[in-house]
Amino acid sequence: CAGLSPLYFEMLRQKYQQNKSALLLLIPLFVVILISGRRATWIMLGVSVAGYLYYLLRANILSSYSIKHLISGAVVLTVSLGAIVVLHEPTNRRVTVTLGLISTDYESINRATAERLPLWYTSLVMAKDNWFNGVGPRGYRHAYSRYADDDDYRKKTGQTHPHQLVLEVVTETGIIGLSGLLLFAVLFYRFVKKASADPPLFPWSLAVFVVIFPINTHMAFYGSFWASFFWLLLALCFVAANNNITSARSTGGL
């Protein structure tokens, strides 16, 4: 839901022209993501909202909207989410723990990141020892017990991945994989910038960016599900760009 939210926002923007109350459909999406308790999805939703607002401002779309409706929608959404944080005990507890990120205490920060600091430290140790081509895609789970500290309780149970996209790439594929990721970022940025003459493409490209946002702490990037999700979104983004080009040619725009 969080990864696809830019597309959902775009759908609501188009529906808004026919029905002003369409903005209320933002509430179910935000509520579902909030009560999921997954902080990775909170980050992804935050990136989606920030990116989509940038898109609206850049394309000068907000000027055509009713300020009254926008403010009313924002108030209703804020009150709804605030009520959930206060009244829904699991969400309240998760938010309270997450606030530990702004502390300077190691244990508080570790709890706020779902005890991922040892995972990231072990990942860095692996990457340093296998800097060129890494330990192999999905190899983190096999190498974890060899590199983890003795006081890490996961040393016996193991861990599947670092829960951090950049660390996963550099740990499992080394400088080769990291260079590939950076090259993709540059080429994709140039592609989006070149195709930005047609604004509806932006939500698709934003969804791709959200999925591989550098500080994401979600599922394994080299795992079958998340990798498939990324490649599917990327393919759909290219299809959308091709449709825009075809449409422009048919109307004499190119």
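Calculation criteria
- Residues numbered from 1 in each chain as written.
- Predicted model: local features only at pLDDT ≥ 70, side-chain atom pairs only at ≥ 80, totals over all residues.
- Heavy atoms only, no water.
- Helix = DSSP H or I, 4+ residues; strand = E, 2+ residues; numbered from the N terminus.
- Buried < 20%, exposed > 50% of the residue type's maximum accessible area, 1.4 Å probe, protein only.
- Contact = heavy atoms within 4.5 Å.
- Areas by Shrake-Rupley, 256 points an atom, 1.4 Å probe, with all protein chains shown as cover.
- Lys, Arg positive; Asp, Glu negative; His and termini not counted.
- Charge placed at Lys NZ, Arg CZ, Asp CG, Glu CD.
- Core = buried A, V, L, I, M, F, W, Y, C linked by side-chain atoms within 4.5 Å.
- Disulfide = S-S within 2.5 Å.

1. Remarks on the overall build of the chain
Thinking step 1. In terms of helices and strands, the chain carries 12 helices and 0 strands.
Thinking step 2. Principal axes of the C-alpha set define a box for the chain whose edges measure 60 × 50 × 30 Å.
Thinking step 3. Evaluated residue by residue, the chain yields a buried proportion of 41% over its 254 residues.
Thinking step 4. Long-range pairs, those at least 24 residues apart, make up 66% of the contacts in the chain with a sequence separation of at least 6.
Thinking step 5. By element, 66% of the accessible surface of the chain is carried by carbon and sulfur atoms, the whole surface being about 14400 Å².
Thinking step 6. Mean positive and mean negative side-chain charge positions of the chain (22 and 13 charges, respectively) differ by 13 Å.

2. Details of the nonpolar core
Note on soluble globular proteins: their nonpolar side chains tend to be buried together.
Thinking step 1. Phe9, Phe30, Val208, Val211, Phe221, Phe230 and Leu233 are the most contacted members of the largest nonpolar core, which has 46 residues in total.
Thinking step 2. The residues touching Leu233, leaving out its near neighbours within four places in the chain, are Leu4, Leu7, Ala207, Val208 and Val211.

3. Notes on the state of the cysteines
Thinking step 1. Inspection of the entire model under this criterion finds 0 disulfides.
Thinking step 2. Left without a disulfide partner, Cys237 is nearest to the cysteine sulfur of Cys1, which lies 20 Å away.
Thinking step 3. The exposure class assigned to Cys237 is buried, which follows from its relative accessible area of 0%.

4. A few points about helix H2 (residues 26-35)
Thinking step 1. Listed as buried for H2 are Leu26, Leu29, Phe30, Val31, Ile33 and Leu34.
Thinking step 2. Where H2 is buried, its residues contact helix H1 (5-16), helix H3 (39-58), helix H4 (67-87) and helix H5 (89-98).
Thinking step 3. Where H2 ends, the next residue or the one after it, Gly37, has phi of about 75°, a positive value.

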